[in-house]
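Commentary on secondary and tertiary structure
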Amino acid sequence: MYVSKKIKITAGIIIFILIVVNGALIIKLSPEDSNMDIPVMEDDTGEKLQIETVPGIRITCGEGFYYEPLSEEIKLKISGKSFRENDLIDYSDLRLVTVRYIGFDDLEHEGELIVNVQVADDVAAIFKDLYDARYPIEKIRLIDEYDADDEASMADNNTSAFCFRQIDGQETISDHSYGIAVDINPFYNPYVRSGFGDRNVLPVNAGAYADRTADFPYKIVAGDVCYNAFVSRGWKWGGEWDFPKDYQHFYKEIY
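First, a word on what this report is: a plain description of the structure on this page. Source: prediction; values computed, not measured. (Residues numbered from 1 in each chain as written. Predicted model: local features only at pLDDT ≥ 70, side-chain atom pairs only at ≥ 80, totals over all residues. Heavy atoms only, no water.)

Attention now goes to the overall build of the protein chain. A count of helices and strands for the protein chain gives 4 helices and 17 strands. Put simply, the protein chain has 255 residues, and 48% of those count as buried. Contacts spanning at least 24 positions in sequence make up 57% of the contacts within the protein chain whose residues lie at least 6 apart. Roughly 12,500 Å² of accessible area belongs to the protein chain as shown, and the carbon and sulfur atoms make up 49% of that amount. (Helix = DSSP H or I, 4+ residues; strand = E, 2+ residues; numbered from the N terminus. Buried < 20%, exposed > 50% of the residue type's maximum accessible area, 1.4 Å probe, protein only. Contact = heavy atoms within 4.5 Å. Areas by Shrake-Rupley, 256 points an atom, 1.4 Å probe, with all protein chains shown as cover.)

Structure representation (structure tokens):
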């Protein structure tokens, strides 16, 4: 059962609201959000939280892990690239998630992903789990850094999420179009299919990693840290499909 609460923000005051949801969760409100009624939804156990879109809200799920509505700068960056005009998803349905991660150089880095608001809390928590476990990820950049070219992003082993596009070789809209999928270390965890000739493995330069019986680093397998971080939160893994296999691909069915 959800209980709605209204919180009145007085002008010129910065308010910090601490809510415990499987750990500390902080909602930071800027002065620009003054005089605004903010609906906060929570169940009577405190295990879930739903927040309607309010400009300027940043939700922090741990130091260095937070998400927020897309700024005008981000909207401009992704417009015409990962975001295209459509009838399925709007800017207001998306959140920019900022995370920390351990790179292949064993150093700490900061990355960004855009995901659906309904999975933003999951994604921030998942990447915190990976960071705490020092799980190596080579890079995490918005796919717009590659002009929303999914294959270029995969070939560069870039971990990414939202991109409004069709599945390669199909007319079906990808899970990434809804912001409900994340691809992890895609070069070492390729998409494997048949009937597409020299494009049976994507990215095309990752053929050596299509054989999952081989032993190599950065390979995602069922039961490992990466798999558990996603699946424990109700996500599914493309590596468990009968065929094709999408070893980089984690997704959550919310539509």
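Once the structure has been displayed, the description carries forward.
Our focus in this paragraph is the packing of aromatic side chains. Applying the stated criterion across every chain yields a total of 17 aromatic pairs. Centre to centre, the rings of Phe 83 and Phe 162 are 6.4 Å apart; their planes meet at 35°, and the pair counts as tilted. On the criterion of sequence distance, the pair formed by Phe 83 in the loop between helix H1 (72-78) and strand E8 (94-102) and Phe 162 in the loop between strand E11 (158-159) and strand E12 (181-183) is long-range, its members being 79 residues apart. When its relative accessible area of 3% is taken as the criterion, Phe 162 is described as buried. Every member of this aromatic cluster is reached through a ring pair, and the members are Phe 104, Phe 187, Tyr 188, Tyr 209, Phe 216 and Tyr 218. Over the face of the ring belonging to Phe 196 we find Arg 193, whose NZ or CZ atom lies 3.7 Å from the ring centre. Positioned over the ring face of Tyr 247 is Arg 212, at 4.3 Å from the centre of the ring. (Phe/Tyr/Trp six-rings, centres within 6.5 Å; stacked < 30°, edge-to-face > 60°. Lys NZ or Arg CZ within 6 Å of the ring centre and 35° of its normal.)

Here we come to the pairing of strand E9 (residues 108-116). Regular strands show a simple pattern: their side chains alternate between the two faces of the sheet. Bridging between E8 and E9 involves 9 bridges; their strand directions are antiparallel. What sits directly across from Leu 96, in E9, is Ile 114. (Pairing = 2+ DSSP bridges.)

Another aspect to go through is empty space enclosed by the protein. Applying the stated criterion to the full structure yields 2 cavities of 30 Å³ or more. In this model, the largest cavity occupies a volume close to 60 Å³. As for the largest cavity, its lining consists of Ser 82, Glu 112, Leu 113, Ile 114, Arg 141, Leu 142, Ile 143, Asp 144, Thr 159, Ser 160, Ala 161 and Phe 162. In terms of residue count, E9 provides more of the lining of the largest cavity than any other element does, 3 residues in total. For the lining of the largest cavity, the per-class residue count stands at 6 nonpolar, 3 polar and 3 charged. (1 Å grid on protein atoms, 1.4 Å probe; cavity = no way out; pocket = protein on both sides within 12 Å on 5 of 7 lines; lining within 4 Å. Points joined across faces, edges and corners; volume = space filled by probe spheres on them. Nonpolar A, V, L, I, M, F, W, Y, C, P; charged D, E, K, R; others polar.)

Now for the pairing of strand E7 (residues 66-69). Pairing of strand E6 (residues 58-60) with E7 involves 2 bridges; the strand directions are antiparallel. Note that in E7 the partner of Thr 60 across the bridge is Tyr 66. Relative to E8, E7 runs antiparallel, the two being bridged by 4 bridges. By the bridge assignment for E8, Glu 68 is matched with Leu 96.

Going through the model one piece at a time under the given rule, you end up with 18 salt bridges. With a shortest N-O distance of 3.7 Å, Arg 100 and Glu 63 are connected by a salt bridge. One end of the pair, Arg 100, is in strand E8; the other, Glu 63, is in the loop between E6 and E7, and 37 residues separate them in sequence. Taking the relative accessible area as the measure of exposure, Glu 63 reaches 63% and is therefore exposed. Residues Asp 168 and Arg 199 are paired through a salt bridge, measuring 2.9 Å at the closest nitrogen-oxygen approach. Residue Asp 168 is located in the loop between E11 and E12, and its partner Arg 199 is located in the loop between strand E13 (191-192) and strand E14 (201-202); the two are separated by 31 residues in the primary sequence. By relative accessible area, Asp 168 is classed as partly exposed at 29%. For Arg 199, a relative accessible area of 28% puts it in the partly exposed group. (Salt bridge = Lys/Arg side-chain N within 4 Å of Asp/Glu carboxyl O.)

In short, the description is geometric, and any link to function would need to be established separately.
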